[in-house]
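# Notes for the structure review
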Amino acid sequence: MPKKTVANLSASDVSGKKVLVRADFNVPIDNGSITDDTRIRAALPTIQELTSKGAKVILTSHFGRPKGKVNESMRLTPVAARLSELLGKEVAKTDDCVGDEVAAAVAKMQNGDVLLLENVRFHAEEEKNDPEFAKQLASVADLYVNDAFGTAHRAHASTEGVTKYLSPSVAGFLIEKELKYLQAAIESPQRPLAAIIGGSKVSSKIGVIETLLEKCDKLLIGGGMIFTFYKARGMKVGKSLVEEDKLELAKSLEVKAKERGVDLLLPTDVVVADNFAADANSQTVSVDNIPDGWMGLDIGPDSVKTFEDALADCKTVIWNGPMGVFEFDKFAAGTEAIARSLAGLTKTGASTIIGGGDSVAAVEKVGVADQMSHISTGGGASLELLEGKELPGIAALDEA
Ligand SMILES: Nc1ncnc2c1ncn2[C@@H]1O[C@H](COP(=O)(O)OP(=O)(O)O)[C@@H](O)[C@H]1O
Ligand SMILES: O=C(OP(=O)(O)O)[C@H](O)COP(=O)(O)O
């Protein structure tokens, strides 16, 4: 069901109104400095739309996993500072997200002002989706906008609970954009549709692989999970990563792909290392020739070529998870080649979608992030959406 969005709100719906906006400001911070402000910039269109229409914008977000207690290193103070710079206006911040201090700060707001509430996960009630806490959060506002795509798969007080106390409850522009690309890719893609799945754990990607087998024309698998597939075929994988309890599952996925006529491609050569380290000794071998005691840490050049050929005619490509241990330069070539290949595909008019998490870091490392059609701001959320799951933070919003 399509959801109501900020675009459906008229100036009179929001002018002079207090709008609680849930954003995902869970950004990487190192020693108090934000190292990647993508998620903050992604929230700006919604904030600016609301302030330009005369709303008082009250922002709420979590940061990290403080487990329901105040944690000084997880305050949102650096986010308020960065927001002030990006918006070109003062963004005040409270020391808590509920209580008298918040009520007083909101009472002082003028139309067009922006206020940031402290990390909502300092209260255990947030993750428990406690109704009383949700009511308290909602009490300072007139209406609700959820733009926290990265947290939309969590049914928490600030993402789901508050919608029961605020009306209207609508989606922000970021959630609208994420749904537009991710849902279209899976529900009504331009074909051929290819998915590239990498990363380290079969167990965490199994749901998405199963769903993609129903939808894709081609499924390319790389990363650490390929060795579970090889071992399931009875091949030797040396010291490579294997999930022993997923061998049967890997076999059944290959059978399912055949039955459905999906082209399931596994690498034919790999770069192996004599230990898991940036400076390990390495060699490229065929996958049926992995030496005892060595571990596969990247896909090899023949596999890159096979993957590139398979992708060449695709009109939609979804990518989630690196092809190898790209954090180590020696084992980054496969991931980097796929990133470049996708950048080239975008130029041919294909829709290229990066499903969050480590693949985003990879396309940024290669410098081709701006050459992708869409880069999701949610790792877990985009995976759940691609798996066909309902995201509670979106399901709870008003229908259009
Ligand atoms: N061949 C491999 N062996 C071990 N780890 C790998 C391999 N290929 C990729 N990885 C690791 O997988 C990690 C990314 O996994 P990610 O996409 O977050 O998903 P998940 O761990 O849930 O499968 C990266 O840190 C990368 O180093
Ligand atoms: O960073 C996030 O998730 P992601 O790493 O899956 O993209 C979100 O802010 C959600 O955080 P959470 O997984 O602690 O609920």
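Keep in mind the model is a prediction, meaning the values are calculated, not measured. Throughout, residues of each chain are indexed from 1 in the direction in which the sequence is written. Here every chain gets a letter starting at A, and every ligand a number starting at 1, in the order they are written. In keeping with the model being predicted, local features are shown solely for residues with a pLDDT of at least 70 and side-chain atom pairs are shown and tallied solely at 80 or more, while totals for entire chains, interfaces and linings include all residues. Only hydrogens and water are set aside; all other atoms, that is, all heavy atoms of the structure, feed into the side-chain values.

### A short note on the sheet that holds strand β1 (residues 18-22)
Two pairing modes exist for strands in a sheet, parallel and antiparallel, and in both the strands are linked by backbone hydrogen bonds. Heads up, the condition is: We call two strands paired when DSSP finds no fewer than two bridges between them. Only DSSP runs of H or I reaching four residues or more are called helices, and only runs of E reaching two or more are called strands; each is numbered from the N terminus. Only the stretch in contact is used when a helix axis is fitted, and all axes are lines through C-alpha atoms; the angle between N-to-C directions ranges over 0 to 180 degrees. Whether two residues touch is decided by their heavy atoms; if any such pair falls within 4.5 Å, the residues are in contact.
Taken in spatial order, the six strands line up as β5-β6-β4-β1-β7-β8 in an open sheet, and their pairing is parallel. Bordering the open sheet on either side are β5 (91-93) and β8 (169-171), each of which pairs with just one other strand. The sheet shows a mean angle of 25° between the axes of neighbouring strands, taken without regard to direction. Bridging between β5 and strand β6 (residues 114-116) involves three bridges; their strand directions are parallel. Note on β6: the bridge partner recorded for Val-91 is Val-114. Running over the sheet, helix α2 (residues 38-52) touches β1, β4 (56-60), β6 and β7 (143-146) and is turned about 155° from β4.

### Quick look at the site of ligand 2
The test is simple: Throughout, the term near means that a residue has one or more heavy atoms lying within 4 Å of the molecule or strand in question. The definition of a polar contact used here is a pair of N or O atoms within 3.5 Å, where within protein one atom must be able to donate a hydrogen and the other to accept one, and adjacent residues in sequence count solely through side-chain atom pairs. Areas reported as accessible are Shrake-Rupley estimates using a 1.4 Å probe. Residue values count occlusion only from the protein chains shown. Three classes are used, and their members are as follows: Ala, Val, Leu, Ile, Met, Phe, Trp, Tyr, Cys and Pro are nonpolar, Asp, Glu, Lys and Arg are charged, and the others, Gly among them, are polar.
Taken together, the neighbourhood of ligand 2 is formed by Asp-24, Asn-26, Arg-39, His-62, Arg-65, Arg-121, Gly-150, Arg-154, Gly-378, Gly-379 and Gly-380. The side chain of Asn-26 places a nitrogen or oxygen atom 3.0 Å from an oxygen atom of ligand 2. Contact distances for ligand 2 include 2.9 Å between an oxygen atom and a side-chain N or O atom of Arg-39. Within the complex, 78% of the 390 Å² of free accessible area of ligand 2 lies under protein. Here the shell around ligand 2 is built from residues that sort into no nonpolar, six polar and five charged.

### A look at the site of ligand 1
As a matter of local geometry, ligand 1 sits amid 16 residues, with Ser-200, Lys-201, Ser-204, Glu-327 and Asp-358 nearest to it. In the model, an oxygen atom of ligand 1 is placed 2.7 Å from a nitrogen or oxygen of the Lys-201 main chain. Considering ligand 1 on its own, with 580 Å² of exposed area, one finds that the protein chains cover 82% of that surface. Mapped onto the shell around ligand 1, the elements with two or more residues apiece are α8 (202-215) and β14 (295-299). Per-class residue counts for the shell around ligand 1 are four nonpolar, eight polar and four charged.

### A short note on the environment of Thr-163
The condition that has to hold: A simple rule labels every residue: compare its accessible area, found with a 1.4 Å probe on the protein chains alone, to the largest value its type can have, and call it buried under 20%, exposed over 50%, or partly exposed in between.
Checked against the element boundaries, Thr-163 lands in the loop between β7 and β8. Taking relative accessible area as the criterion, Thr-163 reaches 13% and is therefore assigned buried. Taking C-alpha positions, Thr-163 is 12 Å from Val-19, a pair spaced 144 residues apart along the chain. Leave out the neighbours within four places in its chain, and Thr-163 touches Tyr-144, Ser-169, Ala-396 and Leu-397. A distance of 2.7 Å separates a polar atom in the side chain of Thr-163 from the backbone oxygen of Glu-160.

### Here's the deal with the packing of α2 against helix α3 (residues 77-87)
This is how it is decided: Should an angle lie under 35 degrees it is considered roughly parallel, over 145 roughly antiparallel, and from 65 to 115 roughly perpendicular; all remaining angles are considered oblique. Crossings are assigned a handedness: left-handed for a near helix turned anticlockwise from the far helix by less than a right angle, right-handed for a clockwise turn.
For the pair α2 and α3, interaxial distance at closest approach is 11 Å and the crossing angle is 60°. When the axes of α2 and α3 are compared, the pair comes out oblique. In this structure, the crossing between α2 and α3 has a hand that is right-handed. Residues Ile-40, Arg-41, Leu-44, Ile-47 and Gln-48 of α2 pack against Val-79, Arg-82, Leu-83, Leu-86 and Leu-87 of α3. Along the lines of polarity and charge, the residues of the contact of α2 with α3 split into seven nonpolar, one polar and two charged.

### Side note on the UniProt feature "binding site: substrate" (unreviewed entry) in the protein chain
We count it as follows: UniProt positions are given in the numbering used here, feature names are shortened, and annotations may be inferred rather than shown by experiment.
Residues given the UniProt feature "binding site: substrate" (unreviewed entry) here are Asp-24, Phe-25, Asn-26, Arg-39, His-62, Phe-63, Gly-64, Arg-65, Arg-121 and Arg-154. With respect to the secondary-structure elements, Phe-25 resides in the loop between β1 and β2 (29-30). Judged by relative accessible area, which is 0%, Phe-25 ranks as buried. Those residues in contact with Phe-25, other than ones at most four positions away along the chain, are Arg-39, Ile-40, Ala-43, Leu-59, Ser-61, His-62, Phe-63, Leu-76, Val-79, Leu-83 and Leu-116. Residue placement: Arg-65 occurs in the loop between β4 and α3.

### A word on the packing of aromatic side chains
To keep it simple, the criterion reads: For this analysis, a ring pair means two rings from Phe, Tyr or Trp (six-membered ring only for Trp) whose centres lie within 6.5 Å, classed as stacked if their planes differ by under 30 degrees, edge-to-face if by over 60, and tilted for the remaining angles.
As enumerated under the stated definition, the model contains two aromatic pairs in all. Their ring planes at 70° and their centres at 5.9 Å tell us that Phe-227 and Tyr-230 sit as a pair that is edge-to-face. Pair noted here: Phe-227 and Tyr-230 are both in helix α9 (residues 226-232), with a separation of three residues, about one helical turn. In this pair, the class of Phe-227 matches that of Tyr-230, namely buried.

### A look at the UniProt feature "binding site: ATP" (unreviewed entry) in the protein chain
When the UniProt feature table is mapped onto this chain numbering, "binding site: ATP" (unreviewed entry) sits at Lys-205, Gly-296, Glu-327, Gly-356, Gly-357, Asp-358 and Ser-359. Maximum C-alpha separation among the annotated residues is 23.8 Å over a sequence range of 155 residues, too wide for a single clustered spot. For Gly-296, a relative accessible area of 9% puts it in the buried group. For Gly-296, the residues in contact, after removing those within four places along its chain, are Phe-227, Ser-240, Val-271 and Val-272. Relative to the helices and strands, Asp-358 resides in helix α13 (residues 358-366). On the basis of relative accessibility, which here comes to 41%, the residue Asp-358 falls in the partly exposed class. Those residues in contact with Asp-358 that sit more than four places away from it in its chain are Pro-322, Phe-326 and Glu-327.

### Some details on helix α6 (residues 131-138)
To keep things clear, this is the line we draw: By arc we mean the arc of the directions from the helix axis to the C-beta atoms, nothing more.
Taken together, the buried positions of α6 are occupied by Phe-133, Ala-134, Leu-137 and Ala-138. The buried residues of α6 occupy one face: seen down the axis, they fall within an arc of 135°. Its buried side turned inward, α6 meets β1 and α5 (124-127). Capping the start of α6 is the job of one residue whose side-chain oxygen sits 3.1 Å from the backbone nitrogen of Glu-132: Asp-130.

### Regarding the packing of helix α12 (residues 333-347) against α13
Where α12 meets α13, the axes come as close as 9 Å, and the angle between the chain directions of the two elements is 80°. Between α12 and α13, the angle falls in the class roughly perpendicular. In contact with Thr-335, Glu-336, Ala-339 and Arg-340 of α12, α13 contributes Ala-362, Val-363, Lys-365 and Val-366. Across the contact of α12 with α13, the residue classes tally to four nonpolar, one polar and three charged.

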